[in-house]
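# Structure assessment
Listed here are the chains, written in short residue letters.
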Amino acid sequence: MIPRKLRLLPEHLYPSDEWSIIETTFSPEWIGNAETIFSLSNGFLGVRGLFEEGRPAVEEATFCNGFHETWDIVHAEEAYGFARTGQTIVNVPDTSIIKLYVDDEPLYLPTARITEYRRTLDFRDGVLRRQMNWSSPAGKQVTVTSSRLISFDYRHVGAIKYEVCIDSDAPVVISSQMLNRQDSRPTDEPRNGNSDPRRARTFSQRVLNAREHAEQDQRIITGYRTTNSRMTLGVGIDHVIETDNDWESQLSWTEDLGKVVYTIEARADVPISLVKYFTYHTSRSVPSVELVDRCNRTLDRCVRHGYEDLEQRQRAFLDDFWSRADVVVEAEPRVQQAVRWNIFQLCQASARAETTGIPAKGLTGQAYEGHYFWDTEIYVAPFLTYTDSRITRNLLRFRHSMLALARERARVLSEDGALFPWRTINGEEASSYYAAGTAQYHIDADIAYAIKRYVDVRGDRNILAEVGAEILVETARLWSGLGFFSPEGGEFHIHGVTGPDEYTTVVNDNTFTNLMARVNLRFAAEVVRWLEKENPRAYSHLKHTTNLEPDEVRRWERSANAMYVPYDEERGIHPQDANFLEKEVWDFNNTPKEQFPLLLHYHPLVIYRHQVIKQADVVLAMVLLGDEFSLEQKRRNFDYYDPLTTGDSSLSACVQSILAAEVGYEQKALEYFQYALLMDLADVAGNVIDGVHIASTGGVWMALTYGFAGMRDFGGQLAFDPRLPQAWKRLRFPVRFHESRVMVDLSHEQLAFEVFEGDPLTITVCGQRVNLQPGKKETLPPPESRGDREQNSGTEAG
């Protein structure tokens, strides 16, 4: 991986704290980074970490998961089967704005004299707090505190508590706003002169059209409908003000701006407290007038229960979350802080994503258009399956809801079965560049892999009868029809596909794709035979819905058993595809560091004709399907591909860390782990302003558990072979496997495992079977130092 510059948050501005991100000074230089890092979300509703005053801001945005506008994809040269419908998540009206005026002077941080300042996001209660003292132009001391949350308990609700106190009498105005800035924002100019394909498009036409409007006392609600997708949105705000000062309020509304303005005759040291509740409801079919009614009911409940109730519920929710998901790392202080920040992002991205997927940026930015990719199944689902399998089940059900469109897409590409979209919101393929989009057929196998891992880890086969078996049948059909048996040796080949590495496209026999397709085919056959034997009713239903024929299952098994997996005898490695090793190796030594990522500086054809890798491909296969390869094979593959991998994708570092740890390259594993851990906190990819890299946060958890703890779950058996770094004292985390919750506690003195809830469990530790009984801690000595760990700590890997 090309070394990356870490733009670390300065310690004097952002000090270490194990449970919080803290900002001690307002700094214009870090506004964009902070907007992402302080973002709040619950998986349905997300608000970037903007200041309540609304300015200054770099990327103002509020999102509802799945709420999108559609647009026609225009191809310069048309061809049959190209994706037709683009989808972009909509920047919905911003309800977080509360502007403050004292003596008619606005609080504007860049010019204000701020004598005290502290902003904190505490991962234990999910509340973004700010305390500051403003010395106004008239010399009055104004204390301003705010608390903001997006509720985990109530997925449609957010709230802000805004408090002001002045040391002298003064007229005060507080303007609470609901601003539809999405339609008034000018078209984005390319940042730094570069057109970055990862960033979202903006619209030239109006997107949100007001259809309904309601107002009463201090409440405003607007119902919208999008221009093209015809989705509907209800958004509302309401307020409760408490003060012994005299005050009055005035409400105003236009299609793009609703305001409740409070005029207050503030007396010295008499506090003003304003609680602002906001709510969002969306639908694909319900008219906006009904969503306005829903907003009214939601706001009624908020006002009735009060702000403190929301905070108490938020804390209780996160207490439960951390009991299932916390990872303790005794290392440098900032490591623990960064680990918990990454895990907190996984919670924010997924907790209430109940009828949707998880966007690549969660709800922290508009990059990648708010689309769902394979990221969810490969990088996020492992964490969820071990900590909150309810969410994994919901995500698999969501994929199943797209099955009809996936079948249609397969027909367009002249294939049987179903082909899931590479990137989408509504189930239609939205990738306009087929070579690095539609050609990534491995998305089908990735979904099948997530189903298999869920069943292996949770031991829950009910999901198969519900949605899993139908997905498996249709994806197996896709592979069976896409591939072919060679007339020479009878091997099963898959041609014209793109693997995870998007710097190598439309190839024959991509190793990752063939291996994952083999798993897909075998598991589909296994599940069908199991249903036929164990659940005849579900099997009959499956046959009816899929028109399944017995001969199909035998063909899947034959195809899987004959699957061609490229292997180079001379090098002892698996070529990334049939022709990868024939290409010229990229000239890394003469490529300036400023030219990375390559996708922003070189034509795709230049990249495609070289051995150069955007992200782990064969190495990822070694991690996901590690039981199919020897340790020596893994080491040789890592040694060959690591020097060719640019790391231009945020999905790579975590995977490279896992395999480096397994093959004994401790320093390499730590180096890659640091890149993954700090992907956003140190702006490794240079685009943290565009939002959190959610897949990378999932990869951090994978690197900790699969990498340094050596956890594996092949074949439904839980095993550990720890690789605890010498610089770390301890690694501790809980997992739920089948019906047992296990605490894993690793140090250089001992390896400890305890079932603290649920059934007895047998695990394997360093090749030794260990029977765990509830409430009884089992301790083992750490493994003797492995010779492979001391092999120059990774120098063999480039």
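Residues numbered from 1 in each chain as written. Predicted model: local features only at pLDDT ≥ 70, side-chain atom pairs only at ≥ 80, totals over all residues. Heavy atoms only, no water.

On to the overall build of the chain. The helix and strand inventory of the chain stands at 18 helices and 32 strands. Computed over its C-alpha atoms, the radius of gyration of the chain comes to 27 Å, within 12% of the 28 Å expected for a compact globule of 798 residues. Expressed along its principal axes, the backbone C-alpha trace of the chain runs to roughly 90 × 60 × 60 Å. The burial tally for the chain puts 64% of its 798 residues in the buried class. Contacts in the chain between residues at least 24 apart in sequence constitute 68% of all its contacts with a sequence separation of at least 6. As displayed, the chain has an accessible area near 29,100 Å², and 45% of this comes from carbon and sulfur atoms. (Helix = DSSP H or I, 4+ residues; strand = E, 2+ residues; numbered from the N terminus. Rg over C-alpha atoms; globule rule 2.2 N^0.38 Å. Buried < 20%, exposed > 50% of the residue type's maximum accessible area, 1.4 Å probe, protein only. Contact = heavy atoms within 4.5 Å. Areas by Shrake-Rupley, 256 points an atom, 1.4 Å probe, with all protein chains shown as cover.)

When pLDDT drops low, the exact placement of atoms in the prediction is not to be read closely. With 95% of its residues at a pLDDT of 70 or more, the chain shows a mean pLDDT of 94. Of the regions scoring below 50 in pLDDT, residues 183–194 engages in 19 contacts with residues more than four places distant in sequence or in other chains. Counted against residues more than four places away or in other chains, residues 786–798, with its pLDDT under 50, gives 35 contacts. (pLDDT = per-residue confidence, 0-100.)

This part is about the packing of aromatic side chains. On inspection of all chains with the given rule, the structure shows 28 aromatic pairs. Here Trp19 and Trp322 contribute two aromatic rings whose centre-to-centre distance is 5.1 Å and whose plane-to-plane angle is 90°, an arrangement assigned as edge-to-face. One end of the pair, Trp19, is in the segment before β1 (20–23); the other, Trp322, is in helix α3 (residues 307–325), and 303 residues separate them in sequence. Among the aromatic residues, those joined into a cluster by ring pairs are Trp19, Phe321, Trp322, Phe383, Tyr386, Trp701, Tyr706 and Phe737. (Phe/Tyr/Trp six-rings, centres within 6.5 Å; stacked < 30°, edge-to-face > 60°.)

This brings us to the packing of helix α8 (residues 442–458) against helix α10 (residues 511–534). Two elements in contact, α8 and α10, have axes whose closest approach is 9 Å; the angle formed by their N-to-C orientations is 50°. As summarised for this structure, α8 and α10 are arranged oblique, according to the angle between their axes. Considering only the axes of α8 and α10, their crossing is left-handed. Contacts between α8 and α10 pair His442, Asp444, Ala445, Asp446, Ala448, Tyr449, Ile451 and Lys452 from the former with Phe512, Thr513, Met516, Ala517, Val519, Asn520 and Phe523 from the latter. Residues of the contact of α8 with α10, tallied by class, amount to nine nonpolar, three polar and three charged. (Axes fitted to C-alpha atoms, helices over the stretch in contact; angles between N-to-C directions. Parallel < 35°, antiparallel > 145°, perpendicular 65-115°, else oblique. Left-handed = near helix turned anticlockwise from the far one by under 90°. Nonpolar A, V, L, I, M, F, W, Y, C, P; charged D, E, K, R; others polar.)

This part covers the sheet that holds strand β8 (residues 105–106). Pairing between the strands of a sheet comes from backbone hydrogen bonds, and it takes one of two forms, parallel or antiparallel. The strand order across the open sheet built from five strands is β8-β7-β13-β18-β17, with neighbouring strands paired in antiparallel fashion. Pairing within the sheet leaves two strands with one partner each, and these edge strands are β8 and β17 (246–253). Direction of pairing for strand β13 (residues 170–179) relative to strand β18 (residues 257–266): antiparallel, over a ladder of ten bridges. The partner of Val172 across the bridge, within β18, is Ile264. (Pairing = 2+ DSSP bridges.)

With that out of the way, let us pick up the environment of Trp479. Mapped onto the elements of the fold, Trp479 is located in helix α9 (residues 462–482). Judged by its relative accessible area of 0%, Trp479 is buried. In sequence terms Trp479 and Ala418 are 61 residues apart; their C-alpha atoms lie 9.5 Å from each other. Trp479 has contacts with Tyr441, His442, Asp444, Ala445, Phe492, Ile494, Thr513, Ala517, Asn520 and Leu521, leaving out every residue within four places of it along the chain. Within the structure, Trp479 has its side chain in polar contact with the side chain of Asn520 (distance 2.9 Å). (Polar contact = N/O pair within 3.5 Å; in protein donor to acceptor, adjacent residues only side chain to side chain.)

Time to look at the sheet that holds strand β15 (residues 219–226). Taken in spatial order, the nine strands of this open sheet run β1-β9-β10-β11-β12-β19-β16-β15-β14, and their pairing is antiparallel. The sheet is open, and its two edges are formed by β1 and β14 (208–216), each paired on a single side. Each strand of the sheet is rotated relative to its neighbour by a mean of 15°, with strand direction disregarded. Where strand β11 (residues 141–150) lies against strand β12 (residues 157–166), nine bridges are found, and the strand directions are antiparallel.

Per the counting criterion, the structure on display carries 57 salt bridges. A salt bridge links Arg129 to Asp125; its shortest N-O distance comes to 2.7 Å. As a salt-bridge pair, Lys452 and Asp456 come within 3.0 Å of each other at their nearest N and O atoms. Within this pair, Lys452 and its partner Asp456 are both found in helix α8, separated by four residues, close to a single helical turn. The exposure class assigned to Lys452 is partly exposed, which follows from its relative accessible area of 22%. With a relative accessible area of 15%, Asp456 lands in the buried category. (Salt bridge = Lys/Arg side-chain N within 4 Å of Asp/Glu carboxyl O.)

On to the pairing of β15. Put simply, side chains in a regular strand alternate between the two faces of the sheet. For β15, the tally of buried residues reaches seven of eight residues, placing the bulk of the element in the interior. Hairpin connection of β14 to β15: two residues between the antiparallel strands, including Asp217 at a positive phi of 55°. Where β15 meets strand β16 (residues 232–243), six bridges bridge the pair, whose relative direction is antiparallel. Its bridge partner lying in β16, Arg225 is registered against Thr232. Once β15 ends, the chain turns through five residues before running back antiparallel as β16, passing Arg230 with a positive phi of about 65°.

Before going further, it helps to examine the pairing of β18. Only one face of β18 is covered, namely the one carrying Gly258, Val260, Tyr262, Ile264 and Ala266; the face carrying Leu257, Lys259, Val261, Thr263 and Glu265 has none of its residues buried. Relative to β18, β17 runs antiparallel, the two sharing eight bridges. Looking at β18, one finds that Ser252 is bridged to Lys259. Where β17 folds back onto β18 in an antiparallel hairpin, the turn is made up of three residues.

Moving on to the packing of α9 against helix α12 (residues 550–561). The geometry of α9 relative to α12 is characterised by a closest axis approach of 10 Å and an angle of 60° between their N-to-C directions. Judged on the interaxial angle alone, α12 and α9 are oblique. Here the hand of the crossing between α9 and α12 comes out left-handed. Between α9 and α12, the residues in contact are Val473, Ala476, Arg477 and Ser480 and Glu552, Arg555, Trp556 and Ser559, respectively. Grouping the constituent residues of the contact of α9 with α12 by class yields three nonpolar, two polar and three charged.

This paragraph deals with unusual backbone geometry. Residue Pro56 follows Arg55 across a cis peptide bond; omega there is -10°. Structurally, Pro56 can be placed in the loop between β3 (45–47) and β4 (62–64). Here Phe596 and Pro597 are connected by a cis peptide whose omega angle stands at 0°. One can find Pro597 in the loop between β23 (584–585) and α13 (604–608). The backbone of Arg230 sits at a positive phi, close to 65°, despite the residue not being glycine. By relative accessible area, Arg230 is classed as partly exposed at 41%. The phi dihedral of Asn547 falls on the positive side, at around 55°, and the residue is not glycine. Looking at the element boundaries, Asn547 is found in the loop between α11 (536–546) and α12.

The subject of this paragraph is helix α6 (residues 389–401). Between its first and last C-alpha atoms α6 spans 18 Å; for 13 residues at 1.5 Å apiece the expected length is 18 Å, and the two agree. Taken residue by residue, α6 has Ser389, Ile391, Thr392, Asn394, Leu395, Leu396, Phe398 and Arg399 as its buried positions. In this structure, the buried side of α6 is in contact with α4 (333–350), α5 (375–387), α7 (403–412), α8 and α9. (Expected span 1.5 Å × (residues − 1).)

Position of Gln218 among the secondary structure elements: in the loop between β14 and β15. With a relative accessible area of 16%, Gln218 lands in the buried category. Sequence separation between Gln218 and Asp238 is 20 residues, and the spatial gap between their C-alpha atoms is 5.6 Å. When neighbours within four sequence positions are excluded, Gln218 is seen to be in contact with Ile237, Asp238, His239, Val240, Ile241, Trp247, Ser249, Leu251, Val260 and Tyr262.

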